[in-house]
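One letter stands for each residue in the lines below.
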Amino acid sequence: MTGFIELDGVEKVFEVRRRTGLLRRERRQVRAVDSLTFRVARGEMVGYIGPNGAGKSTTVKMLTGILTPSGGRLRVAGIDPSRERTRLAHRMGVVFGQRTTLWWDLPLIDSYRLVHRMYRIPEARYRANLERCVELLELADLLDVPVRQLSLGQRMRGDIAAALLHDPEVLYLDEPTIGLDVVSKARVREFLRDLNAERGTTVLLTTHDLQDIEQLCSRVMVIDHGRLMYDGPLAGLHEVGESERTLVVDLERELPPVAVPAPARVVRVEGPRQWLAFPAAQSAAPLVARIAAEYPLADLSVREPDIEAVIARMLHSLRDTPEPPAERASA
Ligand SMILES: Nc1ncnc2c1ncn2[C@@H]1O[C@H](COP(=O)(O)OP(=O)(O)OP(=O)(O)O)[C@@H](O)[C@H]1O
């Protein structure tokens, strides 16, 4: 399959020098990305996850042309990013959750004016994109505020707008919801969903928040030690790792553990509150319906497993299985 993003056997090896004595230095090689092969079609929204040091940032840096691969072939929109970085820059946007691309001391609007000039965005297009971002990301009251005075959530929305003013075809998002409150997270996710649906923007999303993936991506890739370990739907990732979600049930009064069909089970009871574990790949709806029909239910909520735990379980189960890692059939 040809893809908008294409990687064939991509590698990145870093030479690291370490001081081992007064005059002695040791040279070591770090293989950050190893034989990485995948395709992302135009308009896809893909989660790119893995443990710390797995090689995610290195991949994104190669996709944006900041780093040159040590081996293999990499193309974005048919362009080799490290050779034609400037040409590609006009077609891509990047948002780093932990760093800002905005000018710290300037009001937000001044950063947008600078982006306008830097990318030579035609006036009408700039105006239309700015208007749309300001409306959907609720930035109207923030435009005259210096960036350093913005809250994390406000700054993140400001950064996303800055990355989209030139209408990029592909957006790389690194932890776009990190540190945001529930309301800001929901707003950012809704905006990204609409952007993808309306404009067909291709999105590669790196995150430690499983709900980002669940709500935005139909496909997730897991990388570990620079290698692709899983490529498929999130439900499949849960299945491989046999991960579980938790249904927290508040009954109207204290009762013995509720009776539910296996594999769901009550794992904790505290007064009228009960915690039930059930397979993360399954819907909570039948379980909720059954409890609501048979018990005096006051309230309930579903808790997602931690993304690190899901990845750890999946990698553990793959290491114990002789078969190759799950591949995406239609990739
Ligand atoms: N410039 C560099 N020089 C030497 N080693 C590097 C360099 N950049 C990354 N590495 C190493 O390459 C490996 C992959 O790092 P990378 O930052 O891509 O991981 P990551 O998946 O993004 O991790 P995190 O989730 O912690 O951000 C790590 O072992 C890291 O120490």
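Quick caveat: nothing in here was measured; it's all calculated off a predicted structure. Along each chain, numbering runs from 1 in the same order as the chain's sequence is written. Note on the predicted model: pLDDT of at least 70 is required for a residue's local features to be given, and 80 or more for side-chain atom pairs to be given and counted; whole-chain, interface and lining totals, by contrast, use all residues. Where side-chain values are given, they derive from all heavy atoms of the structure, hydrogens and water being excluded.

Q: Teacher, can you tell me more about unusual backbone geometry here?
A: It is generally the case that most residues other than glycine have a negative phi and that most peptide bonds are trans. Cis geometry marks the peptide bond from Ala 262 to Pro 263; its omega dihedral reads 5 degrees. You will see that Glu 138, though not glycine, has its phi angle at about 50 degrees, which is positive. Working definition: helices are DSSP H or I runs of at least four residues, strands are E runs of at least two. Numbering for both runs from the N terminus. Relative to the helices and strands, Glu 138 is located in the loop between α4 (123–136) and α5 (152–164). Even without being glycine, His 225 reaches a positive phi, approximately 50 degrees. Topologically, His 225 is positioned in the loop between β8 (219–224) and β9 (227–232).

Q: So what exactly am I meant to see when it comes to the site of the ligand here?
A: For this description, a residue counts as near a given molecule or strand if any of its non-hydrogen atoms is within 4 Å of it. Every one of the 13 residues lining the ligand counts as a neighbour, but Gly 53, Gly 55, Lys 56, Ser 57 and Thr 58 are closest to it. In the model, an oxygen atom of the ligand is placed 3.3 Å from a nitrogen or oxygen of the Asn 52 side chain. The definition of a polar contact used here is a pair of N or O atoms within 3.5 Å, where within protein one atom must be able to donate a hydrogen and the other to accept one, and adjacent residues in sequence count solely through side-chain atom pairs. One nitrogen or oxygen atom from the side chain of Thr 58 is found 2.5 Å from an oxygen atom belonging to the ligand. Only the protein chains shown count as cover for residues, and all accessible areas are computed by the Shrake-Rupley method using a 1.4 Å probe. Coverage of the ligand by the protein chains reaches 60% of its 640 Å² of free accessible surface.

Q: Any chance you could explain the pattern of salt bridges here in plain terms?
A: If charged atoms from side chains of opposite charge come close, those side chains can pair. Salt bridge, as applied in this entry: a Lys or Arg side-chain nitrogen positioned within 4 Å of an Asp or Glu carboxyl oxygen. For the structure shown, the criterion picks out 30 salt bridges. Between Glu 84 and Arg 87 there is a salt bridge, with the nearest N and O atoms lying 2.5 Å from each other. Among the residues examined, Glu 84 registers a relative accessible area of 31% and is labelled partly exposed. The residue Arg 91 makes a salt bridge to Glu 169 at a minimum N-O spacing of 2.5 Å. Of the two residues, Arg 91 sits in the loop between α2 (85–89) and β5 (92–96) while Glu 169 sits in the loop between α5 and β6 (170–174), which places them 78 residues apart along the sequence. Burial classes follow relative accessibility: with a 1.4 Å probe on protein chains only, a residue under 20% of its type's maximum area counts as buried, one over 50% as exposed, and anything between as partly exposed. Here Arg 91 falls in the partly exposed class, since its relative accessible area comes to 24%. The exposure class assigned to Glu 169 is partly exposed, which follows from its relative accessible area of 21%. The network of salt bridges with common partners includes Glu 6, Asp 8, Arg 39 and Arg 73.

Q: Help me out: how do you make sense of the sheet that holds strand β13 (residues 297–303) in this one?
A: Sheets are built from strands that pair by backbone hydrogen bonding, the pairs being arranged parallel or antiparallel. By definition, two strands form a pair when at least two bridges between them are found by DSSP. In space, the 4 strands of this open sheet follow the order β11-β12-β10-β13, with antiparallel pairing throughout. Of all strands in the sheet, those with a lone pairing partner are β11 (265–270) and β13, marking the two edges. If you compare each strand with its neighbour and ignore which way they point, the axes differ by 20 degrees on average. Alignment of strand β10 (residues 244–251) against β13, held across 6 bridges, turns out to be antiparallel. Pairing of Asp 250 across the sheet is with Asp 299, part of β13. Whenever a helix is involved, its axis is fitted only over the stretch in contact; in every case the axis is a line through C-alpha atoms, and angles between N-to-C directions fall within 0 to 180 degrees.

Q: Explanation requested: the packing of α5 against helix α6 (residues 182–199) in the structure shown.
A: If you want to describe how two helices pack, look at the angle between their axes and the distance between the axes. Two elements in contact, α5 and α6, have axes separated by 10 Å at closest approach and are oriented at 15 degrees. In terms of orientation, α5 lies roughly parallel with respect to α6. Of the two elements, α5 crosses α6, and the hand of that crossing is right-handed. Facing Gly 153, Arg 157, Ile 160 and Leu 164 of α5, the residues of α6 in contact are Ser 184, Arg 187, Val 188, Phe 191 and Leu 195. Classes in brief: Ala, Val, Leu, Ile, Met, Phe, Trp, Tyr, Cys and Pro nonpolar; Asp, Glu, Lys and Arg charged; the others, Gly included, polar. Here the residues of the contact of α5 with α6 are counted per class, giving 5 nonpolar, 2 polar and 2 charged. Note that the term roughly parallel is reserved for angles under 35 degrees, roughly antiparallel for angles over 145, roughly perpendicular for angles of 65 to 115, and oblique for everything else. Put simply, a crossing is left-handed when the front helix is turned counterclockwise from the back one by less than a right angle, and right-handed when it is turned clockwise. The criterion used for residue contact is that any of the two residues' heavy atoms lie within 4.5 Å.

Q: Which parts of the structure should I look at to understand the domain arrangement of the chain?
A: A common way to express how large an interface is: the accessible area buried when the components associate. Taken as a whole, the chain is organised into domain 1 (5–91 + 168–238) and domain 2 (244–303). These domain boundaries are the output of an automatic or database domain assignment. The gap between the C-alpha centroids of domain 1 and domain 2 is 37 Å.

Q: Before we go on, may I ask you to explain the pairing of β9 in this structure?
A: Moving residue by residue along a regular strand, the side chains alternate between the two faces of the sheet. Among the 6 residues of β9, 5 are classified as buried, and the element is accordingly described as predominantly covered. Here 5 bridges tie β8 to β9, and the two strands are oriented antiparallel to one another. Looking at β9, one finds that Val 222 is bridged to Tyr 230. The antiparallel hairpin formed by β8 and β9 contains 2 residues in its connecting segment, where His 225 sits at a positive phi of about 50 degrees.

Q: Even after reading the chapter, I still don't get the sheet that holds strand β1 (residues 5–19), so can you show me in this structure?
A: With antiparallel pairing, the 3 strands of this open sheet are ordered in space as β2-β1-β4. One side of each edge strand has no neighbouring strand; the edge strands of this open sheet are β2 (25–40) and β4 (71–76). Across the sheet, the axes of successive neighbouring strands diverge by a mean angle of 35 degrees, strand direction being ignored. Bridge analysis of β1 against β4 gives 5 bridges, and the strand direction is antiparallel. In the strand pairing of β4, Glu 11 is matched with Gly 71. Sheet strands in contact with helix α1 (residues 56–64) are β1, β2 and β4, and its direction is about 115 degrees off that of β1.

Q: In this structure, what is going on with the packing of aromatic side chains? I would like to understand it.
A: The relative placement of two aromatic rings is captured by the distance of their centres and the angle of their planes. Two rings from Phe, Tyr or Trp (for Trp, the six-membered ring) form a pair when their centres are within 6.5 Å of each other. A pair whose planes differ by under 30 degrees is stacked, one over 60 is edge-to-face, and the rest are tilted. Scanning all chains against the criterion turns up 1 aromatic pair. Here Phe 38 and Tyr 48 contribute two aromatic rings whose centre-to-centre distance is 6.0 Å and whose plane-to-plane angle is 50 degrees, an arrangement assigned as tilted. Residue Phe 38 is located in strand β2, and its partner Tyr 48 is located in strand β3 (residues 45–49); the two are separated by 10 residues in the primary sequence. Assessed through its relative accessible area of 3%, Phe 38 is described here as buried. Note on Tyr 48: relative accessible area 0%, which makes it buried. Across the ring face of Phe 96, the terminal group of Arg 99 is positioned such that the distance to the ring centre comes to 4.4 Å. Here, over-ring charges are defined by two tests on the NZ atom of lysine or the CZ atom of arginine: distance to the ring centre within 6 Å, and angle to the ring normal within 35 degrees. Just above the ring of Trp 275 sits the side chain of Arg 268; from NZ or CZ to the centre is 3.9 Å.

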